[in-house]
Every structure is written in C-alpha cells, then in structure tokens.
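# Geometric and topological summary
Listed below, chain by chain, are the residues.
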Amino acid sequence: MLEASHVYFHQAADVLELPKHLRGILLAPFRVIKVVVVTEGDDGKLKHHHGFRVQHNRARGPMKGGLRYHPTVDEEESTALANLMTWKTAVVDVPFGGAKGGIDCDPHQLSEKELDNITRTFVGQVQDVIGPTLDIPAPDLNSNAKVMGWIMDEYSKFAGFSPAVVTGKPLHLFGAEGREEATGRGVMVVLEEALKDQKRSFEGLTVALQGFGNVGSFAARLMAEKGAKIVAVGDHAGGVSNAEGLAIDSLLDWARRHGTVNEFPGGDAFKSDDVLTWDADVLIPAALGNVLTGDNASDVRAKIIVEAANGPTTPEADHIFKQRGILVIPDILANAGGVTASYFEWAQNIQQFRWELDRSRAELTRIMQKAYRAVAEISRRYQVDLRTAAFVLGIRRVGEAAISRRCYTEVNHLSAL
Ligand SMILES: NC(=O)C1=CN([C@@H]2O[C@H](COP(=O)(O)OP(=O)(O)OC[C@H]3O[C@@H](n4cnc5c(N)ncnc54)[C@H](OP(=O)(O)O)[C@@H]3O)[C@@H](O)[C@H]2O)C=CC1
Ligand SMILES: O=C(O)CCC(=O)C(=O)O
C-alpha cells in the first residue's frame, strides 16, 4: 500500500512538475512512533501487541487520522495511510495534517475488557505526542465510538479533561451528531455528483458493496433511500445478493445480530470475494486495502468504482480501469466525509457548543460537493483521472501551507502552479 500511495503521489507530482528532492520532502513522515503494548489477558497471562502512530505532515494543522485494530497493522501500512490522510484533509480543505495508526490485534478474538486494556495502555504510551493541537485519532477498521471514549478518558488522566483529543466519540460523551454516518454519507454525495456529470441519478442504479461495517452500511442505506438497488454485499464471512435489491434495514438488523451478512434469508449466498466482480453499475469497496489488483481488475464489471475503503486499488488495477474506461472516485475524495465530520466534532469540542444533525449534514454535503467539483475541474483542465486530480489538489494545498509557514523554503516552487 505504501508503494501504491507513492505511485499515485508521483503521478500528480509529474503534473505539478515537482522536482525530485521536493517529492522526497513531501513524502517523508514527520514522525513514526512504534510501541510494544503489553497487557494482561483475561487468562492472567501477559500478551503483547505492536502499536503504531505515523504522523505524516502538519503543515496545514494538527495531524488527523484513524486508529485501526487489525492483525495486518504495521509500520508500512500506517505510513501509507498517514500519507493518504495528508492529501485527504487538504482535498476537503479542513484545517488538519495527516496521521494514522493502529494496533496489530484482532478485536474479534478479544474480550471488551482486554480491548479496553490494550487501548488504554497504548494511549499511555503515546499521550505525549497526541493532543487536540498535535494529533487527533478517530475510528477506523474495527475501532468504534466506544474505543474513542476510552481514548478520551485515558488521555484526560494525563492532560486534564480533553474531549477534543479524539473524534468519533459516543454522542453522550461529547461526540457529534452525524459523525457516525458521515463517511457513508460522503460516499453517497460524491457518487451523486459523479452521476450528475453523466446526467444520471440513483434511481434504479445497481450497487455492489464489499464491507458492511460503519462505512458500507451507512453508504448502502443512504443510496437505497435515493432509489439505488443494493444487489450484492460481502463481508469477511460471505456474501448475499438480490437482483431486486436487498432490504437494507433487515440486512443491518441481521448483521448486528449475527456479526455478518452471511446467510441473510432475504437473498442468495455467494463467496465473499465474488462481490468485487459482481454485475452492477457501481462497485464500492468498503473494507480492506489492496483488494482490486492486476489479477481481478479485468473481471470487474462495474462502470464506476467508489473507493470507500482506503487504498483498495493497486496501481496495476488502476491502470487497467483507466484503459477500460471505468471511472474511479478515489479514496482521498470518496471517503473524506469521515474526517470532515471529525473536524466538526473537534471544533464543537473546542467551542463547547453542539450542532444539530441538520447542520452537520448540510455542511458535510456542501464540503463534499465542493471538493468533488474542485477535483473534477482539475481533472478536466489537466486531462487526468480523478485520482491524479485529487492528489494534485491535495499536494498543492499542502505545499501552499508549507510555503506560507516557511516550513521548507524550496517548496516556493509550488506557488507558481
Ligand atoms: N470509519 C470511518 O470513518 C472511515 C473508514 N474508512 C475506511 O473504510 C474502510 C472500512 O472501515 P469501517 O467501515 O470503519 O470499518 P468496520 O470495522 O466498521 O467495517 C469493516 C467491514 O469490512 C469487512 N471486512 C473485513 N475483512 C474483510 C474481508 N477480508 N473481506 C470482505 N470484507 C471484510 C468487515 O466484515 P466483518 O464484520 O465480517 O469482519 C466489515 O463489514 C476501511 O478501509 C477504513 O480505513 C475511511 C474513512 C473513514
Ligand atoms: O475521522 C478522522 O479523523 C479520520 C478518518 C480516517 O481515518 C480516514 O479518513 O481514513
């Protein structure tokens, strides 16, 4: 994933004609934190996991990005994802830099007490390098509002009451209306804009989704409300399809009760990975990275791919999609609704003021539409795909901030762009 994020960066840097040494400066992380998280398991035995926080760039503000709990979490993945966060926050123009991190654990195999313990131990180890004006974590794969509440509580023991140290918290614990649904809502909004460009709408549009967690489930529900048919959904345990459109509320209820969409009675079962090549107008990967590769890209049948997940497409697959005329709405634009609503939450926490849900939704829609339009305009002007255009926008904004702050004098080159 790190290699892929660099390939995409360089494609945009070529458009911007950035010299080599400036590319190196913009790609290098500001700080990489690695810790060994030692905790006592429910069986009384000591266990250890590895925790990472990569703080990539802070030219535009405090660093921001999720905390992921998954066995594959490592320094390389965290660095790639932190890098993407830097360009993503710039694409939606929220006042943050980029960071990302995680712990290489599998929450499905841990009790709540064990997960709480691991989270709090990790926070104790990084508390001096995170904070409301330094680095603000948020939910990501397998982490949720409850975990964010633990982070806030643990950090506050060191720094005093600090709700703004983390976003995506529960509503009753200084969370913000609209944050939970925001990433899925943002996915829906940018797809709606892309459809408008094609003089189409959600009515009758068929959609296949990989992942039915926070992002996938909200995106599915919102698109179905607009008239789309969600014809296939896959998660790690299996998939379910219905050519007439799955009943999303019943599917959500099933997934909540069974921990998977597998064996949902309102559709036909299929093998999990088949969702990626499902016969649908739109494919939405909303789970893991690197799932669309040179091996399966030629078999993808959708004409539009919306990257709700981070880094789902390898450069090889991306190239094949370009050749095949498949429109890819890239992660740093498509899933930026989450960090945008996190910005609202952070601002509300700092002001000790709460917004109504309607305000949050309206502001999110406005920002996502504006970001899509800005990216589409660059795509037209430079005759490049949406991914390259989004990177051009992100890199340019980060560069401009760096110049104004005099972070690196040589980045002045960017002011000519
Ligand atoms: N949460 C947020 O605000 C944001 C998230 N993202 C990105 O969106 C993606 C999903 O995050 P989120 O929804 O929060 O995570 P969740 O943990 O809430 O959901 C993840 C989903 O992916 C599924 N999944 C896991 N492994 C596989 C697999 N091998 N094959 C198919 N499906 C699988 C899970 O299934 P199961 O439950 O069966 O394991 C689950 O349905 C990630 O890439 C994340 O980085 C991006 C921006 C913001
Ligand atoms: O909400 C946030 O701060 C970050 C969300 C995130 O990790 C992402 O956009 O990938």
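Residues numbered from 1 in each chain as written. Chains lettered and ligands numbered in written order. Predicted model: local features only at pLDDT ≥ 70, side-chain atom pairs only at ≥ 80, totals over all residues.

Going by an unreviewed UniProt entry, the protein carries the name Glutamate dehydrogenase and comes from Roseiconus nitratireducens. The UniProt entry for the protein carries the following comment under Sequence similarities (unreviewed entry): "Belongs to the Glu/Leu/Phe/Val dehydrogenases family." (UniProt positions renumbered as here; feature names shortened; annotations may be inferred.)

### Considering the environment of Ala317
By the element assignment, Ala317 lies in helix H9 (residues 315-323). When the 24 C-beta atoms within 10 Å are taken as the criterion, Ala317 is described as buried. Taking the C-alpha atoms as reference points, Ala317 and Arg257, separated by 60 residues in sequence, lie 35 Å from one another. Those residues in contact with Ala317 that sit more than four places away from it in its chain are Leu292, Thr293, Gly294 and Ala297. (Helix = DSSP H or I, 4+ residues; strand = E, 2+ residues; numbered from the N terminus. Buried ≥ 20, exposed ≤ 12 C-beta atoms within 10 Å, placed from the backbone. Contact = placed C-beta atoms within 7 Å.)

### Re the sheet that holds strand E4 (residues 97-103)
Each strand in a sheet pairs with another by means of backbone hydrogen bonds, the pair being arranged parallel or else antiparallel. Read from one edge of the open sheet, five strands run E1-E2-E4-E3-E5, paired in mixed fashion. At either margin of the open sheet sits one strand with a lone partner, and together these are strand E1 (31-40) and strand E5 (135-139). Across this sheet, the average inter-strand angle for adjacent strands is 20 degrees, counted without regard to direction. Two elements, E1 and strand E2 (residues 46-57), share 10 bridges in a ladder whose sense is antiparallel. The partner of Val36 across the bridge, within E2, is His50. The sheet strands contacting helix H4 (residues 112-126) are E1, E2 and E4, and the helix crosses E1 at an angle near 140 degrees. (Pairing = 2+ DSSP bridges. Axes fitted to C-alpha atoms, helices over the stretch in contact; angles between N-to-C directions.)

### Re the site of ligand 1
In the neighbourhood of ligand 1, 26 residues make up the surrounding shell, with Gly211, Gly213, Asp235, Ala287 and Gly338 lying closest. Every element with two or more residues in the shell around ligand 1 is listed here: helix H7 (214-225) and strand E7 (229-235). Taken together, the residues that form the shell around ligand 1 break down as 10 nonpolar, 14 polar and two charged. Each of domain 1 (29-176) and domain 2 (180-334) gives at least three residues to the shell around ligand 1. (Near = placed C-beta within 6 Å. Nonpolar A, V, L, I, M, F, W, Y, C, P; charged D, E, K, R; others polar. Domains from an automatic or database assignment.)

### Comments concerning the nonpolar core
By size, the foremost hydrophobic cluster in this structure holds 132 residues, and its most contacted members are Val91, Val207, Ala219, Ile230, Val233, Val306 and Leu333. The element best represented in this core is helix H13 (residues 386-404), accounting for 10 residues. Formed jointly, this core draws a minimum of three residues from each of two domains, domain 1 (29-176) and domain 2 (180-334). Apart from the residues within four sequence positions on either side, Val306 is in contact with Val187, Val190, Leu191, Val282, Ile284, Ile329 and Ala334. (Core = buried A, V, L, I, M, F, W, Y, C linked by C-beta atoms within 7 Å.)

### Re helix H5 (residues 145-159)
One turn of the α-helix equals 3.6 residues, which is why residues spaced by three or four share an orientation. Between its first and last C-alpha, H5 extends 21 Å over 15 residues, near the 21 Å set by a 1.5 Å rise per residue. By the burial criterion, the buried members of H5 are Val147, Met148, Gly149, Trp150, Ile151, Met152 and Tyr155. In this structure, the buried side of H5 is in contact with H4 and E5. One or two residues past the end of H5 sits Gly160, with phi positive at roughly 85 degrees. (Expected span 1.5 Å × (residues − 1).)

### Considerations on the site of ligand 2
Near ligand 2 there are 13 residues, and of these Gly66, Ala138, Gly338, Val339 and Ser342 occur at the shortest range. Of all the secondary structure elements, the ones that give two or more residues to the shell around ligand 2 are strand E3 (63-69) and helix H11 (337-351). Split by residue class, the shell around ligand 2 holds two nonpolar, eight polar and three charged.

### As for the domain arrangement of the protein
Domains assigned within the protein are domain 1 (29-176) and domain 2 (180-334). Centre-to-centre separation of domain 1 and domain 2, based on C-alpha positions: 27 Å. Taken together, the contact between domain 1 and domain 2 spans eight residues of the former and seven residues of the latter. Of all the elements, helix H3 (residues 75-91) adds the most residues to the side of domain 1 that touches domain 2, at six residues. Tallied by class, residues from the side of domain 1 that touches domain 2 come to seven nonpolar, no polar and one charged.

### Examining helix H1 (residues 2-16)
The first and last C-alpha atoms of H1 sit 21 Å apart over 15 residues, in line with the 21 Å expected at 1.5 Å per residue. Considered for burial, the residues of H1 that qualify are Ala4, Ser5, Tyr8, Phe9, Ala12, Ala13 and Val15. The inward-facing, buried residues of H1 abut helix H2 (20-27), H3, H9, helix H12 (357-382) and H13. Looking one or two residues past H1, Glu17 carries a phi angle of roughly 55 degrees, positive in sign.

### Here's the deal with the sheet that holds strand E10 (residues 282-285)
In space, the seven strands of this open sheet follow the order E9-E8-E7-E6-E10-E11-E12, with mixed pairing throughout. Taken across any chain shown, the strands that pair with only one partner, and hence form the sheet edges, are strand E9 (268-270) and strand E12 (327-329). For this sheet, the mean angle separating the axes of adjacent strands, direction not counted, is 20 degrees. Bridge count for strand E11 (residues 304-306) against E12 is three bridges, and the pairing is parallel. In the strand pairing of E12, Val306 is matched with Ile329.

### What about the UniProt feature "binding site: NAD(+)" (unreviewed entry) in the protein?
UniProt marks Thr183 and Asn214 with the feature "binding site: NAD(+)" (unreviewed entry), using the numbering shown here. Taken together, the annotated residues stretch across 32 residues yet fold into one region, lying no more than 8.1 Å apart by C-alpha. The topology assignment puts Thr183 in helix H6 (residues 179-197). Taking the number of C-beta atoms within 10 Å as the measure of exposure, Thr183 has 29 and is therefore buried. When sequence neighbours within four positions are dropped, the list of residues in contact with Thr183 reads Asn214, Val215, Asn335, Gly337 and Gly338. By the secondary structure assignment, Asn214 is in helix H7. Look at Asn214 and you get buried, because 24 C-beta atoms sit within 10 Å. What Asn214 contacts, discounting residues up to four positions off in sequence, is Pro139, Glu180 and Thr183.

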